[in-house]
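Listed below are the residues making up each chain.
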Amino acid sequence: MEELFGGAAPYYARYRPGYGKAAIAFLARTLGADSQVLDLGCGPGTIAIPLARRVRAVLAVDPAEEMLAEGRRLAAGVPAVRWLRGDSTTLRALPPFDHVVMGRSFHWMDRAAVLAELDELLPPGGTVALLGPAGRPGEPWQPDAQPWQAIERRVCADFGLDIDAAAASFHATGEPHHDLLAASPFRRLESRTFARRLVWDVDGLVGLQLSYSYSSPAVLGDRLGAFVVAFREALLAGNPAGRWEQDLVTEVLIAGRTEPRPPARTRRSSTSW
Ligand SMILES: C[S@@+](CC[C@H](N)C(=O)[O-])C[C@H]1O[C@@H](n2cnc3c(N)ncnc32)[C@H](O)[C@@H]1O
């Protein structure tokens, strides 16, 4: 799994947009200030770090050591995060938790298996929260919706990169998360969207590009320098002002059980990790 984002972690941490204060505040209010939260597929702590300031503790789990290292570096001074290497197949090895959040990571997993296992591991009031891009309110997210993406597509094609994997890196292929959850024990859904306008410069768009799994430094290998030059030149040729705006809508999808599981079958997180 590590090679999926090989070399991307520093770019991810610096250039991938977070979810914004309002989305994190809503998430924290919903989960509760006293909760211990598993952030599964935490990356460099995009959710874990701001959430840890608002809940009791966050267990930040990711299979990529480079992501965890970046998270540990960024979280210096935020004691309520514990970083652990692991993934969606090692949930039973983790200490008990009250809720699970996944930011742009659920689609990398065997989603049905994860939900079935979480149904056994989460306490009666435990919820599964998914965070990710939502497109404009009421519209599905579109991979080609941003003003620079025709250029990105062209340069990536020149380098033999599969930009359509970008869609997979944001959203599950196959059944949408909503539908899968609606057919699971966590079928009580609440969705909130949070809109923001971001402004990018050319360094930001190049850094963002290197944060994607399909165009990571590991994928580009010794073509990394040539790719950066070509992408930068193409971006500025298309827009000499070097300024791009993006309307970004984040969705926070909270999924809870309609009927709580009997407590005897669940593990409670009564002690701090
Ligand atoms: C797009 S990043 C999301 C990082 C962060 N959660 C965020 O919201 O920005 C996806 C992360 O999921 C991790 N990942 C991939 N497969 C996973 C799995 N099966 N279980 C847990 N995490 C996984 C990757 O290593 C990567 O750090």
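Scroll up for the structure.
Here's a quick rundown of the structure. Everything quoted here is computed from the prediction, not taken from an experiment. (Residues numbered from 1 in each chain as written. Predicted model: local features only at pLDDT ≥ 70, side-chain atom pairs only at ≥ 80, totals over all residues. Heavy atoms only, no water.)

Section: the overall build of the chain
Point 1. Assigned secondary structure in the chain consists of eleven helices and seven strands.
Point 2. For the chain, the residues scored as buried account for 54% of the 273 residues in total.
Point 3. Counting only contacts in the chain whose residues sit at least 6 apart along the sequence, the fraction spanning at least 24 positions is 78%.
Point 4. On the chain, roughly 12,200 Å² of surface is accessible, and the fraction owed to carbon and sulfur atoms is 53%. (Helix = DSSP H or I, 4+ residues; strand = E, 2+ residues; numbered from the N terminus. Buried < 20%, exposed > 50% of the residue type's maximum accessible area, 1.4 Å probe, protein only. Contact = heavy atoms within 4.5 Å. Areas by Shrake-Rupley, 256 points an atom, 1.4 Å probe, with all protein chains shown as cover.)

A closer look at the packing of helix 9 (residues 202–210) against helix 11 (residues 224–238)
Point 1. Here helix 9 crosses helix 11 at 135°, and the two axes come no closer than 10 Å. Taken together, the axes of helix 9 and helix 11 are oblique relative to one another. Regarding helix 9 and helix 11, the two cross each other, and that crossing is right-handed. Along its contact with helix 9, which presents Val-202, Asp-203, Leu-205, Val-206, Gln-209 and Leu-210, the element helix 11 presents Leu-224, Phe-227, Val-228, Phe-231, Arg-232, Leu-235 and Leu-236.
Point 2. Partitioning the contact of helix 9 with helix 11 into residue classes produces ten nonpolar, one polar and two charged. (Axes fitted to C-alpha atoms, helices over the stretch in contact; angles between N-to-C directions. Parallel < 35°, antiparallel > 145°, perpendicular 65-115°, else oblique. Left-handed = near helix turned anticlockwise from the far one by under 90°. Nonpolar A, V, L, I, M, F, W, Y, C, P; charged D, E, K, R; others polar.)

Considering the site of the ligand
Point 1. Taken together, 19 residues are adjacent to the ligand, and Tyr-12, Tyr-19, Gly-41, Asp-62 and Arg-104 come closest.
Point 2. Asp-62 is positioned with one of its side-chain polar atoms (N or O) 2.6 Å from an oxygen atom of the ligand.
Point 3. Between an oxygen atom of the ligand and a side-chain N or O atom of Arg-104, the distance comes to 2.8 Å.
Point 4. Considering the ligand on its own, with 590 Å² of exposed area, one finds that the protein chains cover 98% of that surface. (Near = heavy atom within 4 Å. Polar contact = N/O pair within 3.5 Å; in protein donor to acceptor, adjacent residues only side chain to side chain.)

What about the side chain of Glu-152?
Point 1. Relative to the elements of secondary structure, Glu-152 occurs in helix 6 (residues 149–158).
Point 2. Buried and without a salt bridge, Glu-152 has Arg-153 as its closest oppositely charged side chain, separated by 8.1 Å.
Point 3. Here Gln-209 takes part through its side chain, which lies 3.2 Å from a polar atom of the side chain of Glu-152.
Point 4. With sequence-adjacent residues up to four places away left out, Glu-152 is seen in contact with Ile-163, Gln-209, Tyr-212, Tyr-214 and Phe-231. (Lys, Arg positive; Asp, Glu negative; His and termini not counted. Salt bridge = Lys/Arg side-chain N within 4 Å of Asp/Glu carboxyl O.)

Focus on helix 4 (residues 65–74)
Point 1. Within the span of helix 4, buried status applies to Met-67, Leu-68, Glu-70 and Gly-71. Burial along helix 4 is one-sided: seen end-on, the buried residues are contained in an arc of 160°.
Point 2. Taken together, the buried residues of helix 4 touch helix 1 (9–15), helix 3 (48–52), strand 2 (57–62) and strand 3 (81–85). (Arc of directions from axis to C-beta.)

Some thoughts on the sheet that holds strand 6 (residues 188–200)
Point 1. Ordered by their spatial adjacency, seven strands build an open sheet running 3-2-1-4-5-7-6, and the pairing between neighbours is mixed. Unpaired on one side and paired on the other, strand 3 and strand 6 mark the two borders of the sheet. The average undirected angle you get between the axes of adjacent strands in this sheet is 20°.
Point 2. Both strand 2 and strand 3 contribute to a ladder of five bridges, which runs parallel. Residue pairing across strands places Leu-59 opposite Arg-82, the latter belonging to strand 3. (Pairing = 2+ DSSP bridges.)

What to know about helix 6
In an α-helix, one turn spans 3.6 residues, which is why side chains three or four residues apart end up on the same side.
Point 1. When helix 6 is considered as a whole, its buried residues turn out to be Gln-149, Ile-151, Glu-152, Val-155 and Cys-156. All buried residues of helix 6 project into a common sector of 150° when viewed along the axis, lining one side. Turned more than 90 degrees away from the buried face of helix 6, the exposed residues are Ala-150, Ala-157 and Asp-158.
Point 2. Where helix 6 is buried, its residues touch helix 9 and helix 11.
Point 3. Downstream of helix 6 by a residue or two, Gly-160 has a phi angle that is positive, lying close to 70°.

Concerning the environment of Gly-160
Point 1. Counting through the fold element by element, Gly-160 comes out in the loop between helix 6 and helix 7 (165–170).
Point 2. Exposure remark for Gly-160: the relative accessible area of 64% places this residue in the exposed category.
Point 3. Sequence separation between Gly-160 and Ser-215 is 55 residues, and the spatial gap between their C-alpha atoms is 9.9 Å.

Observations regarding the packing of helix 6 against helix 11
Point 1. Viewed as axis vectors pointing N to C, helix 6 and helix 11 meet at an angle of 150°, and their least axial separation amounts to 10 Å. In terms of crossing hand, the pair formed by helix 6 and helix 11 is right-handed. From helix 6, Ile-151, Glu-152, Val-155 and Cys-156 reach across to helix 11, where they touch Phe-227, Ala-230, Phe-231, Ala-234, Leu-235 and Gly-238.

Read these as geometric descriptors, not functional statements.
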